[in-house]
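# Geometric and topological summary
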Amino acid sequence: RILSSPARTRSLRLRSPPHPDPPGVLGKRLKDSAETVVIGGGCVGVSLAYHLAKAGQKDVVLLEKSELTAGSTWHAAGLTTYYHPGINLKKIHYYSINLFEQLEAETGQAVGFHQPGSIRLASTPVRVNELKYQMTRTHWHPTPQFLIGPEKIQQLFPLLNMDKVLAGLYNPGDGHIDPYSLTMALAAGARMYGAQIYYPAPVTGLTPTADGRWDVQTPHGTIRANRIVNATGFWARELGQMIGFQHPTIPVHHQYVVTATVPEVKALEAELPVIRDLEGSYYLRQERDGLLFGPYEKEEKMKLQDSWIRDGVPPGFGKELFESDLDRIMDHVERAMEMVPVLKNADIINIVSGPITYTPDLLPMIGPHQGARNYWTAIGFGIIYIYIYIYIYIYICGEPPYDLIECDPNRYAHWTSVPYLCAKARESYGFNNVVGYPKEERFAGRPTNRVSGVYELLKDRCSMGFHAGWEQPHYFHKPGDDTGYKWIEHEAADGGYHVSVSNVTDEIGVLGIAGPKSRMVLQKLTDEDMSDTAFRFLHCRSIQLAGVPLRAIRISYTGELGWELYMDMQNMSAVYQALMEAGQDENIDNFGTYAMSSLRLEKGFRAWGAEMNCDTNPLEAGLDYFIKLNKPAEFIGKQALLEIKAQGLSRRLAFLTLDTDDIDPEGNETVWHNGEVVGNTTSGSYSYSAQQSLAFSYLPLHLTHAGQKVEVELLGQKYPATVTQEPLVLTEPSRTRLQKKQRSD
């Protein structure tokens with residue numbers, strides 16, 4: 001039994017793979033050329049082949065080194081859920097579950113899809129607030145999700161011990177799917193739409209050609225491909241190494257336990273929903289007439305297969321499992337038995353311990369990879385319910401349907417060292433079910449080698465945030481404070497431009513100086529004329545500052561948000577210290593990104609990644625002032641904007657003031673009007689100048705006039721908000737113009 005016989009369970013034999021080894025011959029002639037070669041025959045790779053072929057792409061080829069599902073796919077627990085704490089990844093989940101619901105009818109292949117729903121259990125008041133926070137961010141999505149109380153939870157899962165259960169986040173369309181059957185259905189669909197699938201066909205070499213294509217070598221011959229996609233799961237790092245990449249992926253040992261028939265489960269009339277006990281850090285679902293239980297171990301107990309990074313994946317590994325270790329998960333077992341008492345008398349029939357590939361932040365790496373033309377990745381699908389990520393955006397056939405920058409493979413670079421990768425994967429796995437807080441920082445593996453020239457000067461005086469490997473000050477401490485914590489190569493190639501692209505991020509430092517006296521401080525350090533008439537809003541130039549020549553990239557003036565000074569990293573400390581000394585009489589001091597965010601909201605400044613992203617356009621973002629559609633020159637996006645303008649807008653960015661108590665918006669909250677969901681916030685903050693909360697929100701046009709009343713949902717409560725004429729605080733150029741006008745009057 002679970003508690004009484006761990007020694008016996010550790011001696012269980014490894015589960016056999018679903019099918020024996022395939023024959024060593026290919027069985028059919030390999031194609032000579034292909035539009036796209038997908039490398040890897042797990043669920044992700046086969047799904048990509050299916051979607052590309054279904055979208056109409058010709059000559060899609062998939063190469064699998066042994067047989068379909070042979071990597072992490074065949075042993076996965078196969079959980080599916082509408083839920084995701086992110087924003088646009090919810091849409092991937094929504095698409096995926098809708099796909100699963102119709103895939104069997106489309107392909108004629110059973111997928112073993114069960115939809116009993118799922119419940120995320122909250123057993124502390126803080127967890128209840130976390131669920132309310134997630135509800136705040138879901139109403140403006142189509143995903144069905146509900147906050148339910150103990151009575152409803154008991155009705156849905158009558159085998160629960162309700163002593164500690166306070167609430168639950170219920171997704172009625174959730175469930176689980178058989179990953180082997182799903183992969184075979186996707187393979188059938190891929191073939192049905194014209195894709196070719198070859199196995200066993202290991203890739204032995206990748207050679208780029210002068211025209212941007214690839215020669216893909218296999219034991220059966222070479223395919224000339226217009227593009228290649230690395231979808232090789234825990235082999236991704238080794239495939240990347242063939243062309244000089246060190247992809248930051250690492251296998252984690254994930255264990256789950258399967259029980260024999262449980263009489264109380266067999267007696268039920270309906271299948272139990274999947275539960276996720278957040279405090280116990282495990283998931284549990286019905287498996288036939290028994291139960292399947294899988295924990296996420298704490299950071300200090302979980303196990304990485306880091307030897308695969310040092311020595312490579314053992315040749316031939318793919319359908320094997322690791323040795324199980326029930327002792328390592330006994331804390332979670334005991335929590336599960338307390339929550340689901342029938343587990344105490346359940347017999348174990350299997351313990352599965354297999355490799356699940358993680359990236360440092362748990363999110364996959366999907367899309368074109370910088371540094372190699374026409375090389376794409378679809379790797380790092382770490383969470384055990386990876387199959388909800390099935391739709392790989394059809395990126396290759398055009399633009400993604402919505403902004404998914406959080407999955408961009410280029411968010412990682414050379415700073416992602418092996419020690420950082422291991423530390424971050426361990427932290428991320430161990431934090432799978434901990435309470436997540438807005439603006440939370442996690443410190444494993446930090447700092448990386450990406451630190452600016454003033455990091456050592458500032459690190460003890462501020463709370464650092466982490467952005468693309470960089471340590472960046474979020475806010476500064478005062479005495480007595482508690483301390484705390486494309487889209488370019490493609491355009492150049494397709495446009496035939498004679499340009500070279502190189503990444504100089506690590507070579508250039510950036511300092512910002514802002515405020516009404518910033519011109520005075522800068523003027524002390526340069527012979528350049530820094531007056532309002534000589535250096536105007538949005539102008540930039542190359543200058544010398546404090547005897548240090550700034551690179552001819554730019555020093556730019558952005559109004560109240562200040563001046564951006566770009567310089568060689570080795571000069572950054574000297575420039576910073578010169579600025580601080582020169583500004584003593586003006587009471588100069590440091591500020592962090594949180595303060596900057598509040599200030600930019602007051603002045604109506606849009607931010608990239610919030611008000612501006614791939615899901616919006618400049619016209620609805622209210623940036624018409626910066627666009628000259630009547631200029632004779634063509635520019636990227638001009639024709640699209642002309643079409644958008646001709647069709648007319650259906651929504652526009654609105655500036656909101658909120659009447660709240662001790663809660664402030666931060667972005668992606670649901671906006672209501674007359675009991676209907678009408679939009680979402682994009683960013684928010686408390687304004688110390690206005691002494692109230694502010695937010696940007698995209699709303700239907702008829703709700704964007706000044707004075708319009710709406711409501712913003714924060715932690716389960718709807719707070720009054722008013723559409724306000726922006727900006728709340730005038731920028732310096734506006735104030736200057738107003739002062740000049742008043743003087744002339």
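The name an unreviewed UniProt entry gives the protein is Dimethylglycine dehydrogenase, with Sinocyclocheilus anshuiensis as the organism. The record in UniProt for the protein states the following under Sequence similarities (unreviewed entry): "Belongs to the GcvT family."

## Here's the deal with the overall build of the protein
Of the regular secondary structure elements, the protein holds 18 helices and 32 strands. For the protein, the C-alpha radius of gyration of 28 Å lies close to 27 Å, the compact-globule estimate for 745 residues. Here the C-alpha coordinates of the protein stretch approximately 85 × 65 × 55 Å along the principal axes. Here the protein holds 745 residues, and 53% of them are scored as buried. Of the roughly 32900 Å² of accessible surface on the protein, a fraction of 51% belongs to carbon and sulfur atoms.

## A closer look at the sheet that holds strand β29 (residues 676-687)
The pairing of strands in a sheet happens through backbone hydrogen bonds and is either parallel or antiparallel. Strands sit in the order β27-β30-β29-β28-β31-β32 around a closed barrel of six strands; the barrel is antiparallel. Here the strands of the sheet are splayed against their neighbours by 45° on average, with no regard to which way each runs. One ladder, built from seven bridges, connects β29 with strand β30 (residues 692-700); its direction is antiparallel. By the bridge assignment, S687 is partnered in β30 with Q692. Against the sheet, helix α16 (residues 593-602) engages β27 (651-658), β29 and β30, with an angle of about 120° to β29.

## Let's talk about the domain arrangement of the protein
Taken domain by domain, the protein holds domain 1 (508-590) and domain 2 (598-723). For domain 1 versus domain 2, the distance between C-alpha centres works out to 31 Å.

## Regarding unusual backbone geometry
Omega for the bond connecting R446 with P447 falls within 30 degrees of zero, at -5°, which places this linkage in the cis form. One can find P447 in the loop between α11 (418-430) and α12 (455-458). Cis geometry is adopted by the peptide bond preceding P727, which originates at E726 and carries an omega value of -10°. You can see P727 is positioned in the loop between β32 (717-723) and α18 (732-744). Even without being glycine, K439 reaches a positive phi, approximately 65°. Turning to its location among the elements, K439 is positioned in the loop between α11 and α12.

## Observations concerning the UniProt feature "domain: FAD dependent oxidoreductase" (unreviewed entry) in the protein
As annotated in UniProt, the feature "domain: FAD dependent oxidoreductase" (unreviewed entry) corresponds to residues 36-382 in the numbering used here. Taken end to end, residues 36-382 has its terminal C-alpha atoms 25 Å apart, with 26% of it in helix and 27% in strand.

## Focus: helix α2 (residues 43-54)
The α-helix advances 3.6 residues per turn, and as a result positions three or four apart in sequence lie on the same side. With 12 residues, α2 should cover 16 Å at 1.5 Å per step; its first-to-last C-alpha distance of 16 Å lies within 8% of that length. Of all the 12 residues making up α2, 11 are buried; the element is thus mostly covered by neighbouring parts of the structure. Residues of α2 that are buried: C43, V44, G45, V46, S47, L48, A49, Y50, H51, L52 and A53. Residues of α2 that are buried in the fold lie against β1 (33-39), β2 (60-63), α3 (89-107), α6 (179-192), β11 (221-230) and β18 (375-379).

## What to know about the packing of aromatic side chains
The final tally for this structure, using the stated rule, is 24 aromatic pairs. Their ring planes at 40° and their centres at 5.9 Å tell us that Y82 and Y94 sit as a pair that is tilted. A residue pair is termed long-range when its members are at least 10 positions apart, and Y82 in the loop between β3 (79-80) and α3 and Y94 in helix α3 qualify at 12 residues. With relative accessibility at 6%, the residue Y82 sits in the buried group. Grouping aromatic residues by their ring pairs yields a cluster made of F234, W235, W308, F317 and F322. Directly above the ring of Y594 sits K439, whose terminal nitrogen or CZ lies 5.7 Å from the centroid. Above the plane of the ring of Y698 lies R651, whose end atom (NZ or CZ) is 4.2 Å from the centre.

## With respect to the packing of α2 against α6
The geometry of α2 relative to α6 is characterised by a closest axis approach of 8 Å and an angle of 30° between their N-to-C directions. Classified by the angle their axes make, α2 and α6 are roughly parallel. For α2 against α6, the interelement crossing comes out left-handed. Contacts between α2 and α6 involve C43, V46, S47, A49, Y50 and A53 on the former and, on the latter, L182, T183, L186, A187, G189 and A190. Tallied by class, residues from the contact of α2 with α6 come to nine nonpolar, three polar and no charged.

## Thoughts on the environment of E581
Among the secondary structure elements, E581 is positioned in helix α15 (residues 572-582). Spatially, the C-alpha atom of E581 lies 9.3 Å from that of V521, the residues being 60 residues apart in sequence.

## With respect to the sheet that holds strand β12 (residues 250-259)
Strand order in this open sheet of eight strands is β5-β6-β4-β13-β14-β15-β12-β16, and the pairing throughout is mixed. Because the sheet does not close on itself, it has two edges, and the strands there are β5 (146-148) and β16 (348-358). Strand after strand, the sheet turns through a mean of 25° between neighbouring axes, direction not considered. In this sheet, strand β14 (residues 282-287) lies alongside strand β13 (residues 274-277) in antiparallel orientation, the contact comprising three bridges. From the neighbouring strand, D277 faces β14, where its bridge partner is Y282. Against the sheet, α11 touches β12, β15 (290-295) and β16, its axis set at about 25° to β12.

## Re a nonpolar patch on the surface
Taken together, Y497, V499 and V501 make up a surface patch of nonpolar side chains, about 300 Å² in accessible area. For V499, the position within the fold is in the loop between α13 (489-495) and β21 (508-513).

Rules and cut-offs
- Residues numbered from 1 in each chain as written.
- Predicted model: local features only at pLDDT ≥ 70, side-chain atom pairs only at ≥ 80, totals over all residues.
- Heavy atoms only, no water.
- UniProt positions renumbered as here; feature names shortened; annotations may be inferred.
- Helix = DSSP H or I, 4+ residues; strand = E, 2+ residues; numbered from the N terminus.
- Rg over C-alpha atoms; globule rule 2.2 N^0.38 Å.
- Buried < 20%, exposed > 50% of the residue type's maximum accessible area, 1.4 Å probe, protein only.
- Areas by Shrake-Rupley, 256 points an atom, 1.4 Å probe, with all protein chains shown as cover.
- Pairing = 2+ DSSP bridges.
- Axes fitted to C-alpha atoms, helices over the stretch in contact; angles between N-to-C directions.
- Contact = heavy atoms within 4.5 Å.
- Domains from an automatic or database assignment.
- Expected span 1.5 Å × (residues − 1).
- Phe/Tyr/Trp six-rings, centres within 6.5 Å; stacked < 30°, edge-to-face > 60°.
- Lys NZ or Arg CZ within 6 Å of the ring centre and 35° of its normal.
- Parallel < 35°, antiparallel > 145°, perpendicular 65-115°, else oblique.
- Left-handed = near helix turned anticlockwise from the far one by under 90°.
- Nonpolar A, V, L, I, M, F, W, Y, C, P; charged D, E, K, R; others polar.
- Patch = residues over 30% accessible without salt bridge, like charges linked within 9 Å, V, L, I, M, F, W, Y side chains within 5 Å.
- Salt bridge = Lys/Arg side-chain N within 4 Å of Asp/Glu carboxyl O.

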